[in-house]
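Here is what each chain is made of, one letter per residue.
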Amino acid sequence: SGVVRDGTGAVIPSAAVTVANPSKGIERKIATNDSGVFNAPALVPAEGYSVTVAANGFQSYEAKNIPIQVGQNVSLNIT
């Protein structure tokens with residue numbers, strides 16, 4: 001899960017978020033809500049997740065090689 005904000009700290013609603021792990025065949029496409037929050041629950045524990053964010057008028061963002069362990073909650077604050 002996480003929050004997507006612009007450089008001034010304002011939240012970005014309706015940003016396109018993709019959570020993926022190609023080695024596990026996982027790709028979830030979600031959008032941030034009105035508060036800029038996204039959530040991808042119940043992911044398979046594994047190494048190598050990536051999170052990509054795109055929104056009109058903004059440079060895209062990508063975080064790579066994110067590990068997820070059993071019972072772990074990963075929180076990303078993306079600017």
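Our structure is the block above this text.
The following refers to the structure shown. In this text the structure is predicted, and so the values were computed from the model without any measurement.

About the cut-offs
- Residues numbered from 1 in each chain as written.
- Predicted model: local features only at pLDDT ≥ 70, side-chain atom pairs only at ≥ 80, totals over all residues.
- Heavy atoms only, no water.
- Helix = DSSP H or I, 4+ residues; strand = E, 2+ residues; numbered from the N terminus.
- Buried < 20%, exposed > 50% of the residue type's maximum accessible area, 1.4 Å probe, protein only.
- Contact = heavy atoms within 4.5 Å.
- Pairing = 2+ DSSP bridges.
- Axes fitted to C-alpha atoms, helices over the stretch in contact; angles between N-to-C directions.

Some details on the overall build of the chain
So, point 1. Check the secondary structure of the chain and you find zero helices and seven strands.
So, point 2. Dimensions of the chain, computed from C-alpha atoms along their principal axes, come out at roughly 35 × 20 × 15 Å.
So, point 3. The buried share among the 79 residues of the chain stands at 35%.
So, point 4. Summarising the internal contacts of the chain: among those between residues at least 6 apart in sequence, 45% fall at separations of at least 24.

Remarks on unusual backbone geometry
So, point 1. The backbone of Ala42 sits at a positive phi, close to 60°, despite the residue not being glycine.
So, point 2. Within the fold, Ala42 resides in the loop between β4 (37-38) and β5 (46-54).
So, point 3. What makes Ala42 exposed here is its relative accessible area of 73%.
So, point 4. Not every positive phi belongs to a glycine, and Asn65 is a case in point at roughly 55°.

Things to note about the sheet that holds strand β2 (residues 16-21)
Strand pairs in the sheet, formed through backbone hydrogen bonds, run parallel or antiparallel to each other.
So, point 1. The strand order across the open sheet formed by four strands is β3-β2-β5-β6, and the pairing between neighbours is antiparallel. Strands with a single pairing partner mark the edges of an open sheet, and in this sheet they are β3 (26-31) and β6 (61-68). Each strand of the sheet is rotated relative to its neighbour by a mean of 20°, with strand direction disregarded.
So, point 2. Pairing analysis gives five bridges linking β5 to β6, with the strands arranged antiparallel.

Some words on the pairing of β5
So, point 1. Alignment of β2 against β5, held across five bridges, turns out to be antiparallel. Bridged to Val17 within β5 is Val53.
So, point 2. In textbook terms, the turn of a hairpin is the stretch between consecutive antiparallel strands, and for β5 and β6 this stretch comprises six residues, one of which, Gly57, has a positive phi near 85°.

A closer look at the side chain of Ser50
So, point 1. On the secondary structure map, Ser50 appears in strand β5.
So, point 2. Overall, Ser50 belongs to the buried group, its relative accessible area being 14%.
So, point 3. In this view, Ser50 contacts Thr18, Val19, Ala20, Glu62, Ala63 and Lys64; residues no more than four positions away in its chain are not counted.

Bear in mind that shape data such as this cannot, by itself, settle questions of function.
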